[in-house]
Amino acid sequence: MVQSSVLGFPRIGPKREVKFAVESYWAGKTSADDLKKVAVEVRKGSWTSLKAHNVDQIPRQVKFVFRLIGRTNLTHCPPDCSGDFSLYDHVLDHSICFNVIPTRYQDLGLSTVDVYFAMGRGRQADGVDVPASEMKKWFDSNYHYVVPEFSDTTDFKLTYNKSLSEYKEAKEAGINTRPVVFGPLSFLLLGKSARDAKPGFQPISLLEKLVPIYEQVLKELKEAGAEWVQVDEPVLVLDVAATFGAEFTETYKKLAAIGPKIMLTTYFGRLDSNLGFVAKLPVAGLHIDLDREPGQLEAVAHAVKDTKIVLSLGIVSGRNIWKNDFNASLKLGRKAIDVLGADRVVIATSSSLLHTPVTLEAENKLTPEQKDWFSFALEKGSEVAILAAALSDSQSPEISKALEANETSIKKRRDFESSSDDAVRKRVAAIKPADLDRKNPFPVRLAAQKKAINLPKFPTTTIGSFPQTKEIRQARAKLGKKEITEAEYDEFIKKEIQSVVDFQETVGLDLFVHGEPERNDMVQYFGERLNGFVFTQHGWVQSYGSRYVRPPIVVSDVSRPVPMTVRWSSYAQSVTKKPMKGMLTGPVTILNWSFPRIDVSKEVQSKQLALALRDEVIDLEKAGIQAIQVDEPAIREGLPLRRKDWDGYLTWAVDSFRLATAGVEDHTQTHSHFCYSDFNDIFPSIQRLDADVISIEASKSDMKLLSAFKEYGYKNEIGPGVYDIHSPRVPGEQEIKDRIKDMLTLISPDYLFINPDCGLKTRGWKETEAALKNVVAAARWARDEYKN
């Protein structure tokens, strides 16, 4: 009998209840108990919804700061889909649970929940002033995790066995669950050395100290009656794991001997050469991602054939929103059954459904045709159930009807996909190498730009957005409800832009932005103005903490019908004599932060976007905009997980950026921005972008990102972020001066811009004003200090 499994569920609530509750707590409007009550309500709502989608047994969720995920082991229906509940981040949860708390957050007199949030977003209140921990992208997704910090003095201990508490709670309610724990090697390998660690320290050296804590967790679960435990080891899809085969083997011998049966979970990629040692681990089950890497099935199935390992097939995508093709999935399932037998096969989502919206049920503005294309988290739970039933040779009429309906639906979508915009396809096919090159090399352009724009040494600027106030959101909502006219809304936006320009004049910035008050999101805004996208009303997905996004969906060929940003950038330039940056989101980022098509390659989609943006860049230049920023914060995150796959991606990704930006004259300064990126391993590609100025998030990376710029001799201009905008904390002037000093040990003063880490959309005006005044003061100090 084929079993089924769901690896996790969106933890935001169907109406973003968790976001609003957390932000209310941060604002001091509600208590920790109020926060807990909202979490309870969200959990109950999830249970009810899952029941309606044929989930018979639903485990309870965590009561406090975080939980280790509970799952239910079922036949023919998905288990617990309410896992992954966290008020901020599941990796941060794990750090708190295992007492991995950096010294700067200790002995501050804070409650556990406030220490938790201080680590996630920083804290500057009641005499406490600590920055946030570093965040990084979770593999190649747009989700950010809080990076654990380890040192030789890290004192592992189980401060609270949340998985045990949840297991007992569910058991008392008559629910059989399968707890999930973040694996020990992934925990260490995805972390970093703390600032106070000894030279040469590596987090993996702590494995021997860490394993006994995991043994304690699993031992207590087994004593409480847990039959299975799911241990997530996503690093097994990375090249780095190959170095630690012996450590995996020794660790899992210990864990398997003391705890419940282990379901070892991987996702987002393929095991590849790591399969050699993984297949020999003493685990009871192994989960692989067949949505991203279907080609690994045959090798994995035969590798575990002569063991007793149960193989969990990640067939239903945890990363996209397209309806599953049942016929294709059933073929994969049958291949596994032919090798292993039905009793050793589980049908599952490829990963947690954290990366998908909650449900299609509330989407009433999509056309019936469009709605039929998609499947969100709750619908994916049903897909898993149907596939498992079909592979178990169910004779149920409902299952037969579901299979027939799916076949009809997939055919209609394929028919739609076969129709294309011939003009767009021909334009992509006609791209020439010369289209990717600026007219002259950077030194020539730099001279022209200095003459045209005339910025001072250490020019100050921001990354683009300014605070999106309640008034801006209300005006946008009123326009959507037709409570105000387009003309009234336009006048409101003009006043907001004028206010942002006046603010920059007063503070003393050098290169201005218009503040983007008209934009709901840096990707959605452009998608709404391009052909080829559709949008949801409630398709929210967590990016980090309480920051949720509504990714656009690419459904057909992409083109630009009319200019998208020229009007507002031109207006902003008309009300100031200071140079104004035009602000665009780059083709790779629009693609990576949308739900892309799966019938056309990402390369084709990216180049279609690049051509649309190229037209916009040229129109901005014609309108008198002298600096144009094309942001690519997602270019590093989109890098394939295996190094052997990098070259192809980097070629088309860099070509797409160049295609979008190369059409302007020498005097026009092109900018780009990058988020949370380790550049060392892809630096030649960063150089090949040939942007005149790049800005990068660097304030939480201990300057390690900038070493590559010195090592490789980067000669274009660069603006490493001098403070973290993801935290409400205001950096002091001296703190920024110290950062500038550090930067100048790696970057020439002739090429250094001074700017925040990222856009200021999520910040308040009070903290923005205080921070930027300090930025400007520090830049003026630097001009005096480094005159020569």
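Since this is a predicted model, take the numbers as computed values, not measurements.

Parameters at a glance
Residues numbered from 1 in each chain as written. Predicted model: local features only at pLDDT ≥ 70, side-chain atom pairs only at ≥ 80, totals over all residues. Heavy atoms only, no water. Helix = DSSP H or I, 4+ residues; strand = E, 2+ residues; numbered from the N terminus. Rg over C-alpha atoms; globule rule 2.2 N^0.38 Å. Buried < 20%, exposed > 50% of the residue type's maximum accessible area, 1.4 Å probe, protein only. Contact = heavy atoms within 4.5 Å. Areas by Shrake-Rupley, 256 points an atom, 1.4 Å probe, with all protein chains shown as cover. Pairing = 2+ DSSP bridges. Right-handed = clockwise from strand over helix to strand, strands pointing away. Salt bridge = Lys/Arg side-chain N within 4 Å of Asp/Glu carboxyl O. pLDDT = per-residue confidence, 0-100. Axes fitted to C-alpha atoms, helices over the stretch in contact; angles between N-to-C directions. Arc of directions from axis to C-beta. Core = buried A, V, L, I, M, F, W, Y, C linked by side-chain atoms within 4.5 Å. Lys, Arg positive; Asp, Glu negative; His and termini not counted. Polar contact = N/O pair within 3.5 Å; in protein donor to acceptor, adjacent residues only side chain to side chain. Phe/Tyr/Trp six-rings, centres within 6.5 Å; stacked < 30°, edge-to-face > 60°. Lys NZ or Arg CZ within 6 Å of the ring centre and 35° of its normal.

(A) Expanded view of the overall build of the protein. For the protein, the helix and strand inventory stands at 27 helices and 24 strands. Since a compact globule built from 788 residues should have a radius of gyration of about 28 Å, the 26 Å found for the protein is in line with a globular shape. Over its C-alpha atoms, taken along the principal directions, the protein stretches across nearly 75 × 60 × 50 Å. Out of the 788 residues belonging to the protein, those deemed buried represent 63%. Of all intrachain contacts in the protein linking residues separated by at least 6 positions in sequence, the fraction that spans at least 24 positions is 78%. Accessible surface, the protein: about 29,600 Å² in total, of which carbon and sulfur atoms supply 50%.

(B) Up close: the pairing of strand S13 (residues 285–289). Of all the 5 residues making up S13, 5 are buried; the element is thus mostly covered by neighbouring parts of the structure. Here S13 shows two buried faces, one formed by Gly285, His287 and Asp289 and the other by Leu286 and Ile288. Here strand S12 (residues 261–265) runs beside S13; their pairing, made up of 3 bridges, is parallel. Bridged to leucine 264 within S13 is leucine 286. One crossover worth recording links S13 to the parallel strand S14 (residues 310–316) by way of helix H10 (residues 297–304), and it is right-handed.

(C) Molecular detail of the pattern of salt bridges. Inspection of every chain in the model, using the stated rule, returns 46 salt bridges. A salt bridge links glutamate 293 to arginine 270, with the shortest nitrogen-to-oxygen separation between them at 3.1 Å. With glutamate 293 in the loop between S13 and H10 and arginine 270 in the loop between S12 and helix H9 (275–278), the pair connects residues that are 23 residues apart, well separated along the chain. Owing to a relative accessible area of 22%, glutamate 293 belongs among the partly exposed residues under this scheme. Exposure remark for arginine 270: the relative accessible area of 15% places this residue in the buried category. Close ionic contact of lysine 644 with aspartate 272 constitutes a salt bridge, the shortest N to O distance being 3.5 Å. With lysine 644 in the loop between strand S21 (627–631) and helix H23 (646–661) and aspartate 272 in the loop between S12 and H9, the pair connects residues that are 372 residues apart, well separated along the chain. Using a relative accessible area of 63% as the deciding quantity, one classes lysine 644 as exposed. Through salt bridges with shared partners, one network takes in Arg270, Asp272, Glu293, Lys644 and Asp645.

(D) View of the confidence of the model for the protein. Scored by pLDDT, the protein has a mean of 91; 93% of the residues are at 70 or more. Per-residue pLDDT stays below 50 along residues 55–83; that stretch engages in 146 contacts with residues further than four places along the chain or on separate chains.

(E) Structural context of the sheet that holds strand S20 (residues 581–585). Pairing within the open sheet is parallel, and its 5 strands lie in the order S20-S21-S22-S23-S24. Here the strands that pair on one side only, and so sit at the sheet edges, are S20 and strand S24 (717–720). The mean angle between the axes of side-by-side strands here comes to 20°, regardless of whether they run parallel or antiparallel. The pairing of S20 with S21 spans 5 bridges and is parallel. Looking at S21, one finds that threonine 585 is bridged to aspartate 631.

(F) Layout of the pairing of strand S23 (residues 693–696). Burial of S23 is two-sided: the residues Val693 and Ser695 facing one way and the residues Ile694 and Ile696 facing the other way are all buried. The pairing of strand S22 (residues 669–674) with S23 spans 4 bridges and is classified as parallel. Bridge pairing links phenylalanine 674 to isoleucine 696 in S23. Of the pairings in the sheet, the one linking S23 to S24 comprises 4 bridges and is parallel in character. Its bridge partner being in S24, valine 693 is matched across the sheet by glutamate 717.

(G) View of helix H26 (residues 733–743). Residues of H26 that are buried include every one of Ile736, Lys737, Arg739, Ile740 and Met743, and no others. Seen along its axis, H26 keeps its buried residues to an arc of 160°; they face one direction. Where H26 is buried, its residues contact S24 and helix H27 (765–785).

(H) Structural context of the nonpolar core. With 94 residues, the main nonpolar core has Ile694, Ile696, Phe709, Ile740 and Leu772 as its most contacted residues. Broken down by element, the residue count for this core peaks at 9 residues, all from H23. Ignoring anything within four residues of it in the chain, the contact list for isoleucine 694 reads Ser672, Phe674, Ile686, Phe709, Tyr714, Glu717, Ile718 and Gly719. Residues Val217, Leu221, Val283 and Val304 belong to the second largest nonpolar core, which totals 88 residues.

(I) Local environment of the side chain of glutamate 632. Among the secondary structure elements, glutamate 632 is positioned in the loop between S21 and H23. Put simply, glutamate 632 is tucked away with no salt bridge, and the nearest opposite charge, on lysine 137, sits 10 Å away. Of the polar contacts made by the side chain of glutamate 632, one reaches the side chain of threonine 589; its length is 2.7 Å. Filtering out sequence-adjacent residues up to four positions away, glutamate 632 remains in contact with Gly586, Pro587, Val588, Thr589, Phe657, Ser672, His673 and Phe674.

(J) Geometry of unusual backbone geometry. We note that phenylalanine 139 has phi near 55°; this positive angle belongs to a residue other than glycine. Relative to the helices and strands, phenylalanine 139 is located in the loop between strand S6 (135–137) and strand S7 (144–146). For phenylalanine 139, a relative accessible area of 12% puts it in the buried group. Residues other than glycine seldom take positive phi values, yet aspartate 272 does so here, at roughly 55°.

(K) Broad picture of the packing of aromatic side chains. Scanning the model with the defined rule gives 32 aromatic pairs in all. Between the aromatic rings of phenylalanine 533 and phenylalanine 535, the centroid separation amounts to 6.4 Å while the plane-to-plane angle is 20°, which identifies the pairing as stacked. Relative accessible area serves as the criterion here: at 23%, phenylalanine 535 is assigned to the partly exposed category. Pairwise contacts between aromatic rings join Phe98, Trp138, Phe139, Tyr145, Phe150, Phe156, Phe182, Phe187, Tyr214, Tyr267 and Phe268 into one cluster. Its end group placed over the ring of tyrosine 548, lysine 19 keeps NZ or CZ at 5.7 Å from the ring centre. The side chain of arginine 319 reaches across the aromatic face of phenylalanine 268, ending 4.7 Å from its centre.

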